[in-house]
Amino acid sequence: MVTEALIAYRSLLRATRKSFAGDSVMLNASASEVRKKFEENRHVTSQTEIQRLLEEAREASDFISTMIVQAKLNERGGYEMKLGQEHAGATLDVPSEEILKKSV
C-alpha cells in the first residue's frame, strides 16, 4: 500500500506541475494541498478506505491532467489556451442528483 500511495502522490504532483507550469502561486498551492490531503489520511488502516482514497487520488490526477488548462493573457487583451494531446477527447460527466446527494 505504501508503494501505491507514493505512486499516487507523485502522479498528482506531476499532474499539477504540468498543468500549472509557469504559475508559481498555483504550483505551490496545489503541492501544499496534495501534501495536506495525504498527511490527513496517513493513519488510515482500513484496506477499503485506503483503496477508496487511492482511487480518488488517481481520479484527481486524471482530472488535473485532462480538464485543467491555463489561459494566458495575450497582447490583444484576450486569453488564449494551448491544448495538449492529453486534452483531446476529454469530457466531463455531469453528476446525477443521486451522486450529488451522497457527497453531501
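Residues numbered from 1 in each chain as written. Predicted model: local features only at pLDDT ≥ 70, side-chain atom pairs only at ≥ 80, totals over all residues. Heavy atoms only, no water.

Caption draft 1: Broad picture of the overall build of the chain. Along its length, the chain carries 4 helices and 2 strands. Walking the chain from its N terminus toward its C terminus, one meets helices and strands in the order α-α-α-β-β-α. Taking all contacts inside the chain whose residues are at least 6 apart in sequence as the whole, residues at least 24 apart take part in 53%. (Helix = DSSP H or I, 4+ residues; strand = E, 2+ residues; numbered from the N terminus. Contact = heavy atoms within 4.5 Å.)

Caption draft 2: Expanded view of the nonpolar core. Within the largest apolar cluster, 10 residues are counted, these being Ala8, Tyr9, Leu12, Leu13, Ala15, Val34, Ile50, Leu54, Ala57 and Ile64. When residues of this core are traced back to their parent elements, those giving at least two are α1 (2–19) and α3 (47–67). Each residue touching Leu13, except ones within four places of it in the same chain, is listed here: Ala31 and Val34. (Core = buried A, V, L, I, M, F, W, Y, C linked by side-chain atoms within 4.5 Å. Buried < 20%, exposed > 50% of the residue type's maximum accessible area, 1.4 Å probe, protein only.)

Caption draft 3: Main features of α3. Here α3 is 21 residues long and its end C-alpha atoms lie 29 Å apart, about the 30 Å a rise of 1.5 Å per residue gives. Among the residues of α3, Ile50, Leu53, Leu54, Ala57, Ser61, Ile64 and Thr66 are the ones counted as buried. The inward-facing, buried residues of α3 contact α1 and α2 (24–40). (Expected span 1.5 Å × (residues − 1).)

Caption draft 4: Quick look at the side chain of Ser30. With respect to the helices and strands, Ser30 occurs in helix α2. Excluding anything up to four places from it in sequence, Ser30 contacts Thr16 and Phe20.

Caption draft 5: Expanded view of the packing of α1 against α3. Packing of α1 against α3 leaves a shortest axis separation of 9 Å and a crossing angle of 20 degrees. When the axis of α1 is compared with that of α3, the two are roughly parallel. Of the two elements, α1 crosses α3, and the hand of that crossing is left-handed. In this structure, α1 contributes Glu4, Ala5, Ala8, Ser11, Leu12, Ala15, Thr16 and Ser19 to the contact, and α3 contributes Gln51, Leu54, Ala57, Arg58, Ala60, Ser61, Ile64 and Ser65. Residue composition of the contact of α1 with α3, by class: 8 nonpolar, 6 polar and 2 charged. (Axes fitted to C-alpha atoms, helices over the stretch in contact; angles between N-to-C directions. Parallel < 35°, antiparallel > 145°, perpendicular 65-115°, else oblique. Left-handed = near helix turned anticlockwise from the far one by under 90°. Nonpolar A, V, L, I, M, F, W, Y, C, P; charged D, E, K, R; others polar.)

Caption draft 6: Highlighting the packing of α1 against α2. Contact geometry for α1 and α2: axes closest at 9 Å, N-to-C directions at 165 degrees. It follows from the interaxial angle that α1 and α2 lie roughly antiparallel. Considering the relative orientation of α1 and α2, their crossing is right-handed. In contact with Ala5, Ala8, Tyr9, Leu12, Leu13, Thr16 and Arg17 of α1, α2 contributes Leu27, Ser30, Ala31, Val34, Arg35 and Phe38.

All we've got here are geometric facts, nothing functional implied.
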